[in-house]
Amino acid sequence: MSKPTKIVLDESRIPRNWYNVLADLPSPPPPPLHPGTLQPVGPDDLAPLFPMPLIEQEVSTERFIPIPEEVLDVYRLWRPTPLIRARRLERALGTPARIYYKYEGTSPAGSHKPNTAVPQAFYNAQQGIRRLTTETGAGQWGSALSFACAQYGLDCEVWMVRASYDQKPYRKLLMQVWGATVHASPSPVTEAGRKVLADDPDSPGSLGIAISEAVEVAAQHEDTRYALGSVLNHVLLHQTVIGEEALEQLAAVGETPDLIVGCTGGGSNFGGLAFPFLREKLVGRMNPEIRAVEPAACPSFTKGVYAYDYGDTAGLTPLMKMHTLGHDFVPDPIHAGGLRYHGMSPLLSHMYELGLFTAVARTQTECFEAGVRFARAEGIVPAPEPTHALAETIAEALRCKETGEEKVIVTALCGHGHFDLAAYDRYLSGAMEDFELPQERIEAALAHLPKV
Ligand SMILES: *Cc1c(COP(=O)(O)O)cnc(C)c1O
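Residues numbered from 1 in each chain as written. Predicted model: local features only at pLDDT ≥ 70, side-chain atom pairs only at ≥ 80, totals over all residues. Heavy atoms only, no water.

1. Description of empty space enclosed by the protein
Put simply, the rule reads: Throughout, the protein atoms alone are placed on a 1 Å grid, and a set of points is a cavity if a 1.4 Å probe fits but cannot get out or a pocket if it is open with protein on both sides within 12 Å along at least five of seven lines; lining residues have an atom within 4 Å of a point. Grid points are joined across faces, edges and corners, and a volume is the space filled by probe spheres set on the points. Helix numbering and strand numbering both begin at the N terminus, where a helix is a DSSP run of H or I of at least 4 residues and a strand a DSSP run of E of at least 2. Any residue outside Ala, Val, Leu, Ile, Met, Phe, Trp, Tyr, Cys, Pro, Asp, Glu, Lys and Arg is labelled polar, Gly included; the first ten of those are nonpolar and the last four are charged. Annotation comment: domain bounds sourced from an automatic or database domain assignment.
Within this structure, the stated rule accounts for six cavities of 30 Å³ or more. Of the volumes computed, that of the largest cavity is approximately 360 Å³. As for the largest cavity, its lining consists of 32 residues, of which K113, G229, S230, G266 and G338 are closest to the centre. Of all the elements in the fold, those that place two or more residues in the lining of the largest cavity are strand 6 (131–136), helix 6 (140–152), helix 10 (207–220) and helix 13 (268–282). In terms of residue class, the lining of the largest cavity is made up of twelve nonpolar, 17 polar and three charged. Counting residues domain by domain, the lining of the largest cavity receives three or more from each of domain 1 (6–13 + 81–110 + 243–446) and domain 2 (20–66 + 113–233). If you add up the space inside the second largest cavity, you get close to 50 Å³. Lining the second largest cavity, in full, are P295, A296, A297, I334, A336, R362, T363, Q364, H388, D434 and F435. The residue makeup of the lining of the second largest cavity, split by class, is six nonpolar, three polar and two charged.

Structure, rendered in structure tokens:
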């Protein structure tokens, strides 16, 4: 009997719990430190920025955390998402590997981001908060949070990295349709933004700068909190619905993965897919290799250092021990805006040091080449970010062609690229450049790491 191409789960199979990988690690990650005192931050330090249920999730060591009914109700709009066997891509490559992709582009915002935006908006609304502030790179997170805020009646204010604001007007409009207010960052409405503009009026912005702006406004208003779309433990926790579903979907067709691949900006779609598989690996039920793929222009795992650094540019956030290129590093304007972050999830950074997964870097033209190849075979036009995972997947499938290995590869197709067609235009017209980061620029950025 031939196996199905598209593995869909019934609505009743939406996971009821998020999986907390902290429960299964041999040691906990180093704590975040207060930027002033350099002491570990406590719940009170975070309370001006986040509601208590999320702070509790940030430090929880419970293995499973129940998903509230009110969140499941919204998840039902698009979850469970399909796991699709890339038969046509396999055929086009002539590979004996079996490739599966978990497709998160069916969400209202077109990416995995609503998986965490929805619970974040829910917990804030439940605590009586009226407004959320945030930053956005490519506009994926801003649109996800705008959608989620609309579900629970919250106001949403978004600082969008200037380079994306100019390149991607449609994501800005999407946020506005869902009712959000959008500023180009650096903006003149915050102290942090005004400071950057004074030095460089044409600054293309960066996620680090936009975070400073959103954090500043949240910290100054009692009824306002901040929401982060990646990096933090609770964000990766919420994203584990991806991996829980994929585990069940693969089991339904009798497959065990040999390789799990995901792109990493702050690490949430990768962690969300990989953690449930890692849990199974740690108890010996399977043995997949887990591999993160990052852009060569912003290579935090492969070229950064593991050190305490700020999450933002102005140094307002707690110090987090993570793989970083330095908090004032401004990456070249690659089209995968969601991967242009100087740091990395501290949880994933710790796990990388423990040797629980590997990482590689790829340049943007090889990624777009993979994206176009994928689109021509499978139909879906991927967002620029997951083309990194696809480039690695295709390279691995071609290695299998050489060796004859029938590897089972599972890749995170974390969003569609319908709002990124201008980037595809650059690629198709031959105007796309590659940026390899020179070692001098990395060293210059690392020279400003805080002394801890
Ligand atoms: C935001 C985003 C990313 C990068 O964030 P992670 O936390 O690393 O997942 C990757 N892909 C898409 C489609 C995104 O929207």
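2. With respect to helix 2 (residues 52–59)
Here is the rule: Accessibility here uses a 1.4 Å probe with only protein chains present; expressed as a share of the type maximum, an area under 20% marks a residue as buried, one over 50% as exposed, and anything in between as partly exposed. Note on contacts: a residue pair qualifies if any of its non-hydrogen atoms lie within 4.5 Å across the two residues.
Those residues of helix 2 that fall on the buried side of the exposure criterion are P53, L54, I55, Q57 and E58. Here the buried face of helix 2 lies against strand 2 (17–19), helix 1 (43–46), strand 3 (64–66), helix 5 (114–126) and helix 11 (233–238).

3. Observations concerning the domain arrangement of the chain
Condition: The term salt bridge refers to a pairing of a side-chain nitrogen on Lys or Arg with a carboxyl oxygen on Asp or Glu at a separation within 4 Å. N or O atoms closer than or at 3.5 Å make up a polar contact, with two conditions inside protein: a donor-capable atom paired with an acceptor-capable one, and, for residues adjacent in sequence, both atoms drawn from side chains.
The domains assigned to the chain are domain 1 (6–13 + 81–110 + 243–446) and domain 2 (20–66 + 113–233). Computed over C-alpha atoms only, the centres of domain 1 and domain 2 are separated by 22 Å. On the domain 2 side, the residues contacting the 46 residues of domain 1 number 48 residues. A salt bridge links D420 to K168; its shortest N-O distance comes to 2.9 Å. Our enumeration of links across domain 1 and domain 2 arrives at twelve residue pairs in polar contact (both at pLDDT 80 or more). For the side of domain 1 that touches domain 2, the secondary structure elements donating two or more residues are helix 13, strand 12 (305–310), strand 13 (319–324) and helix 15 (346–353). Looking at which element gives the most residues to the side of domain 1 that touches domain 2, the answer is helix 13, with five residues. Here the side of domain 1 that touches domain 2 is composed, by residue class, of 23 nonpolar, 15 polar and eight charged.

4. Overview of the UniProt feature "domain: Tryptophan synthase beta chain-like PALP" (unreviewed entry) in the chain
Heads up, the rule is: UniProt positions are given in the numbering used here, feature names are shortened, and annotations may be inferred rather than shown by experiment.
Those places that UniProt annotates as "domain: Tryptophan synthase beta chain-like PALP" (unreviewed entry) correspond, in this numbering, to residues 77–415. Secondary structure across residues 77–415 divides into 44% helix and 19% strand, with the first and last C-alpha atoms of the span separated by 16 Å.

5. A short note on the site of the ligand
Our working rule: We call a residue near a molecule or strand whenever a single non-hydrogen atom of that residue lies within 4 Å of it. All accessibility values rest on the Shrake-Rupley procedure with a 1.4 Å probe; residue burial counts only the protein chains present in the view. What decides whether a molecule sits in a cavity or pocket is whether more than half of its atoms lie within 2 Å of the grid points.
Near the ligand you find 16 residues, and of these K113, S230, G265, S268 and N269 are the closest. Within the contact set of the ligand, an oxygen atom lies 2.6 Å away from a side-chain nitrogen or oxygen of K113. The fraction of the free accessible surface of the ligand (380 Å²) that becomes covered by protein chains is 97%. Taken atom by atom, the bulk of the ligand overlaps the largest cavity. The class makeup of the residues in the shell around the ligand is three nonpolar, eleven polar and two charged. Two domains share the shell around the ligand, each providing at least three of its residues, namely domain 1 (6–13 + 81–110 + 243–446) and domain 2 (20–66 + 113–233).

6. Examining the sheet that holds strand 6
Keep this limit in mind: Pairing between two strands is assigned when DSSP locates at least 2 bridges connecting them. Each axis is a line fitted through C-alpha atoms, and for a helix only the stretch in contact is used; angles between axes span 0 to 180 degrees, taken between their N-to-C directions.
One open sheet accounts for four strands, arranged 8-7-6-9; its pairing is parallel. Of all the strands in the sheet, just strand 8 (181–185) and strand 9 (224–226) have a single pairing partner and so form its edges. Here the strands of the sheet are splayed against their neighbours by 25 degrees on average, with no regard to which way each runs. Together, strand 6, strand 7 (155–161), strand 8 and strand 9 form the strand contacts of helix 10, whose direction differs from that of strand 6 by roughly 170 degrees.

7. Some points on the packing of helix 2 against helix 5
How we decide: When describing relative orientation, an angle under 35 degrees is termed roughly parallel and one over 145 degrees roughly antiparallel, while 65 to 115 degrees is termed roughly perpendicular and anything else oblique.
Where helix 2 contacts helix 5, the two axes come as close as 8 Å, and the packing angle between them is 130 degrees. As judged from the angle between their axes, helix 2 and helix 5 are oblique. On the side of helix 2, the interface is formed by P53, L54 and Q57, while helix 5 contributes Q120, Y123, N124 and Q126. Across the contact of helix 2 with helix 5, the residue classes break down as three nonpolar, four polar and no charged.

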